[in-house]
Structures are given as structure tokens and as C-alpha cells.
Amino acid sequence: MEQNNLTVFTHPLVKAKITQMRDKNTTTKEFGELVDEISGLMCYEITRDLELEEIEIETPITKTVGYKVKGNDIAIVPILRAGLGMVKGIHQLVPTAKIGHIGLYRDHDTLQPVEYLCKLPTDLPSRDVILVDPMLATGGSAIKAIEILKEKGATSIRLACLVGCPEGVTAVQAVYPEVPIYLAALDEKLNENGYIVPGLGDAGDRLYGTK
Ligand SMILES: O=c1ccn([C@@H]2O[C@H](COP(=O)(O)O)[C@@H](O)[C@H]2O)c(=O)[nH]1
Ligand SMILES: O=P(O)(O)OP(=O)(O)O
Ligand SMILES: [Mg+2]
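No experiment lies behind these values; they were computed from the predicted model shown. (Residues numbered from 1 in each chain as written. Chains lettered and ligands numbered in written order. Predicted model: local features only at pLDDT ≥ 70, side-chain atom pairs only at ≥ 80, totals over all residues. Heavy atoms only, no water.)

This brings us to the site of ligand 1. Near ligand 1 there are 16 residues, and of these R106, D133, T138, S141 and A203 occur at the shortest range. Here an oxygen atom of ligand 1 and a backbone polar atom of I196 are 2.9 Å apart. One of the backbone N or O atoms of A203 is found 2.8 Å from an oxygen atom in ligand 1. Burial of ligand 1 by the surrounding chains reaches 94%, relative to a free accessible area of 460 Å². Among the elements of the structure, β10 (135–136) and α4 (140–151) are those that each provide at least two residues to the shell around ligand 1. Here the shell around ligand 1 is built from residues that sort into 7 nonpolar, 6 polar and 3 charged. (Near = heavy atom within 4 Å. Polar contact = N/O pair within 3.5 Å; in protein donor to acceptor, adjacent residues only side chain to side chain. Areas by Shrake-Rupley, 256 points an atom, 1.4 Å probe, with all protein chains shown as cover. Helix = DSSP H or I, 4+ residues; strand = E, 2+ residues; numbered from the N terminus. Nonpolar A, V, L, I, M, F, W, Y, C, P; charged D, E, K, R; others polar.)

With that out of the way, let us pick up the pattern of salt bridges. Within the structure shown, the criterion is met by 13 salt bridges. The closest approach of N and O atoms between D128 and R158, which form a salt bridge, is 4.0 Å. Residue D128 is located in strand β9 (residues 128–132), and its partner R158 is located in strand β11 (residues 156–164); the two are separated by 30 residues in the primary sequence. Pair check on accessibility: D128 and R158 agree, each one buried. Two residues, K150 and E178, come together in a salt bridge whose shortest N-O distance is 2.7 Å. Linking K150 in helix α4 with E178 in the loop between α5 (166–175) and β12 (181–186), this pair joins segments that are 28 residues apart in sequence. Given the relative accessible area of 32%, K150 is considered partly exposed. Where salt bridges share partners, they join D49, D128 and R158 into one cluster. (Salt bridge = Lys/Arg side-chain N within 4 Å of Asp/Glu carboxyl O. Buried < 20%, exposed > 50% of the residue type's maximum accessible area, 1.4 Å probe, protein only.)

Binding of the magnesium ion (ligand 3) to the protein goes through D202 (OD) and D202 (OD), at separations of 2.4 Å. Position of D202 relative to the elements: it lies in the loop between β14 (196–197) and α6 (203–208). (Donors = N, O, S within 2.8 Å, 3.2 Å for Na, K, Ca; no water.)

The UniProt feature table records "binding site: uracil" (unreviewed entry) at I196, G201, D202 and A203. With respect to the secondary-structure elements, G201 resides in the loop between β14 and α6. Judged by its relative accessible area of 37%, G201 falls in the partly exposed class. Not counting residues within four places of it along the chain, the set of residues in contact with G201 comprises M135 and Y195. (UniProt positions renumbered as here; feature names shortened; annotations may be inferred. Contact = heavy atoms within 4.5 Å.)

This part covers the side chain of R206. Turning to its location among the elements, R206 is positioned in helix α6. At a separation of 3.4 Å, a polar atom in the side chain of R206 contacts the main-chain carbonyl oxygen of T26. Other than its neighbours up to four places away in sequence, R206 contacts M21, R22, D23, K24, T26, T28, F31 and L200.

Here's what the structure looks like:
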């Protein structure tokens with residue numbers, strides 16, 4: 001499903017894997033593997049508009065013209081901690097990407113994002129940024145991360161999350177309508193504690209076995 005710069009995946013494999021992730025009986029190990037797999041599947045769509053250039057190669061039979069992705073121009077930027085889980089699945093498909101890190105946690109009382117780390121590629125302005133965080137809840141973390149990326153000169157940003165909710169999508173689109181959002185699932189709502197319903201709980205805790 002695609003509308004207003006929002007793509008929600010409808011692929012059966014993505015739907016089945018998201019369901020496995022939601023299950024509270026899924027182990028930390030399985031959860032990490034599912035994040036990996038879904039991120040890889042999403043990468044296929046997120047990178048659909050990458051530019052190609054023609055190259056000449058030689059097969060064992062003959063010379064032919066094929067393609068390579070133009071430039072080495074992607075940066076994957078996870079929002080720590082939970083976003084880290086999405087890096088491997090994308091990086092193995094786009095191995096030339098550089099990886100930046102933005103550390104944010106949500107204050108328990110205010111739900112506002114608090115920044116604790118920022119390390120980004122120096123050539124960020126010339127790269128297409130894929131910003132990743134498994135959960136798009138209030139949208140506060142994504143908005144803060146996009147603000148940081150823009151301050152550092154990023155000109156092309158797309159946001160990829162596994163589970164989002166209408167509140168988070170609306171919040172991000174109100175400030176940054178130009179940023180395409182990719183979700184593996186769009187859930188019903190946020191609860192009074194800022195958790196997505198039905199959601200999957202705290203993605204960072206489920207990835208790293210913390211509470
Ligand atoms: O159900 C949820 C909701 C949030 N998270 C974590 O919080 C941030 C995103 O929250 P925002 O309110 O959109 O800032 C995200 O990084 C998750 O780590 C969660 O795990 N589960
Ligand atoms: O957004 P938070 O506070 O849940 O952060 P983390 O990803 O470290 O769990
Ligand atoms: Mg967390």
C-alpha cells in the first residue's frame with residue numbers, strides 16, 4: 001500500500017514474520033533474526049529508485065553490458081539501540097553503504113527523545129540516508145533524528161520502521177512531509193504509555209534481552 005509518501009508492506013513473508021516478532025513467546029535470538037530478515041525484505045523496496053550505470057563485463061561466454069548501482073552513496077543510520085538490529089539486513093544487500101549512529105532514548109515520563117550519541121559519515125550530504133528504527137510510536141525519535149541529519153547536511157532521507165501507528169506517521173509527516181516512510185506494519189494506535197498497540201513491546205529490550 002502506498003500513499004502520501006507512506007509505503008506499508010503487504011508482502012505475505014513480511015506479514016508472517018512481523019506476526020512472529022509480535023508473539024511474546026518469541027526468543028531474543030529469534031526476534032533478532034526476524035528483524036534482520038524483515039529489514040532485508042524491506043530494503044528491496046526502499047532502494048527501488050536507486051540509479052544504475054552501465055558497465056561492460058565478460059561472462060565465460062562473451063562480453064556483455066550490465067549494471068552497477070551508481071556511486072557508493074548510501075548511509076544507513078540506526079537510531080540506537082533498537083535501530084541497530086535493522087542494520088545487518090540492509091547492509092548485506094548494500095555493502096558499500098556507510099553506517100552512522102544516532103543515540104536517542106525516550107524519557108519515561110515525557111516520552112521526549114534524549115540525545116546521547118551522534119556519529120555520522122563526513123560525506124553525509126552526498127549520500128541517500130536510510131534512517132532505521134523498528135518502532136514509530138509518537139514520532140518524537142524519528143523527528144529528532146531527521147532534524148539532526150538535516151543539521152549535518154543530509155539532503156535525501158528515507159525512514160524505515162518495522163511497526164508504526166497513525167499518530168507517529170502523522171507527526172513525522174507534519175514536520176517532514178518530504179521524507180518517505182516505509183513500514184512493515186501499520187498498527188491501530190498508541191496506548192497511554194506511548195507503546196504501539198498491538199505492537200511488540202519495547203523493541204530494544206526484546207532485541208537485547210533487557211527490561
Ligand atoms: O511500542 C513501542 C514504542 C516505542 N518504542 C521505542 O521508542 C522509540 C520510538 O518512540 P517514539 O515515541 O516514536 O519516539 C523507538 O526507538 C523504540 O526504541 C518501542 O520499542 N516500542
Ligand atoms: O527509545 P528507547 O528509550 O526504547 O530506546 P532503546 O532503543 O535503547 O530501547
Ligand atoms: Mg527501548
